[in-house]
Amino acid sequence: MAQTWYNNEMSGPDWFTAFLKRHPRLSFRKPLVTRQELVSSFNLTNVSKFFSNLQTFLNRLNLECVDIWNMDETGITTVQTPDSIIACKGFKQIGQITSAERGSLVTLAISVSASGNSIPPFSYIPESTF
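Residues numbered from 1 in each chain as written. Predicted model: local features only at pLDDT ≥ 70, side-chain atom pairs only at ≥ 80, totals over all residues. Heavy atoms only, no water.

### Section: a nonpolar patch on the surface
As a reminder, the rule being used: Patches in this entry comprise residues that are over 30% relatively accessible and not in a salt bridge; like charges within 9 Å are linked, as are nonpolar side chains (Val, Leu, Ile, Met, Phe, Trp, Tyr) within 5 Å. Values of accessible area rely on a 1.4 Å probe in the Shrake-Rupley scheme; residue burial ignores everything except the protein chains shown. The salt bridge definition used is simple: a Lys or Arg side-chain nitrogen within 4 Å of an Asp or Glu carboxyl oxygen. Each helix corresponds to a stretch of at least 4 residues labelled H or I by DSSP, and each strand to a stretch of at least 2 residues labelled E; elements are numbered beginning at the N terminus.
There is a patch of nonpolar side chains on the surface, built from Phe50, Phe51, Leu54, Phe57 and Leu61 and spanning about 480 Å² of accessible area. Tracing the sequence through the fold places Leu54 in helix α3 (residues 44–61).

### Here we look at the sheet that holds strand β3 (residues 118–124)
Heads up, the condition is: Here the rule is simple: two strands pair whenever DSSP picks up at least two bridges between them. Orientation is described by lines fitted to C-alpha atoms, with helices fitted over the stretch in contact, and by angles between N-to-C directions that extend from 0 to 180 degrees.
The antiparallel open sheet is built from three strands, whose spatial order is β1-β2-β3. Two strands close off the open sheet at either side, each with one partner strand: β1 (69–77) and β3. When strand polarity is set aside, the average angle formed by the axes of neighbouring strands in this sheet is 20 degrees. As paired elements, strand β2 (residues 105–113) and β3 share five bridges and run antiparallel to each other. The residue of β3 that forms the bridge with Leu108 is Ser123.

### Re the confidence of the model for the protein
To be explicit about the condition: The pLDDT value tells you how sure the predictor is about a given residue, anywhere from 0 up to 100.
On average, residues of the protein score 80 in pLDDT, and 72% of them are at 70 or above. No element of the protein has a lower mean pLDDT than helix α2 (residues 36–41), which averages 85, and none a higher one than α3, which averages 94.

### Considerations on the packing of aromatic side chains
For the record, the criterion: In this analysis, rings of Phe, Tyr and Trp, with Trp reduced to its six-membered ring, are considered paired at centre separations within 6.5 Å, and the interplanar angle assigns stacked below 30 degrees, edge-to-face beyond 60, and tilted for intermediate values. Under the scheme applied here, a residue whose accessible area is under 20% of the maximum for its type counts as buried, over 50% as exposed, and between as partly exposed, the area being computed with a 1.4 Å probe on protein chains only.
Summed over the entire model, instances satisfying the criterion amount to two aromatic pairs. With a centroid separation of 5.3 Å and 15 degrees between ring planes, the pair formed by Trp15 and Phe19 is classed as stacked. Pair noted here: Trp15 and Phe19 are both in helix α1 (residues 15–22), with a separation of four residues, about one helical turn. Phe19 gets classed as partly exposed once you look at its relative accessible area, which sits at 24%.

### Here we look at α3
In an α-helix, one turn spans 3.6 residues, which is why side chains three or four residues apart end up on the same side. Applicable threshold: Working rule for helices: expected span equals 1.5 Å times residues minus one. Polar contacts, as used here, are pairs of N or O atoms within 3.5 Å; protein pairs need one atom able to donate a hydrogen and one able to accept it. Residues neighboring in sequence count only if both atoms are side-chain atoms.
Here α3 contains 18 residues, and its C-alpha end-to-end distance of 26 Å stays within 8% of the 26 Å for a straight helix at 1.5 Å per residue. Of the residues flanking the start of α3, the one acting as N-cap is Asn43, its side-chain oxygen 3.2 Å from the backbone nitrogen of Thr45. Asn62, located one to two residues past α3, shows a positive phi value of around 55 degrees.

### Focus on the side chain of Ser113
Rule in force here: The contact criterion used is simple: two residues touch if any of their non-hydrogen atoms lie within 4.5 Å.
Counting through the fold element by element, Ser113 comes out in strand β2. Judged by its relative accessible area of 5%, Ser113 is buried. Of note is the side chain of Ser113, whose polar atom sits 2.8 Å from the side chain of Ser115. Not counting the four nearest positions on each side in its chain, Ser113 is found in contact with Cys65, Val66, Ile68 and Trp69.

This is the structure we're talking about:
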């Protein structure tokens, strides 16, 4: 009878926890969901065609890396949310003062060029904030 790597007598309910402690570079994570269409279309043929089209486009318009920019934006609320704190057991309500206003969303944007140049971050603050 062949010996298997899994032995029911040696593994217990804390085996996984001990395994993660022995391997600190590993962590338990929830994977991001990726649609099947995206996975199946990401292949050598499609990627090669994309870069070929990109090269044609860049040559036609005589563009260089300093002309290509990427911008990313995020929203930041103006009302603070309290952080978690440590308190004595048995106390159900632990108070922390925060603003009673509803707040508004401030949009912050950052831009970087393909050559590594950047411009200072810029923001959009709605008039209702003032």
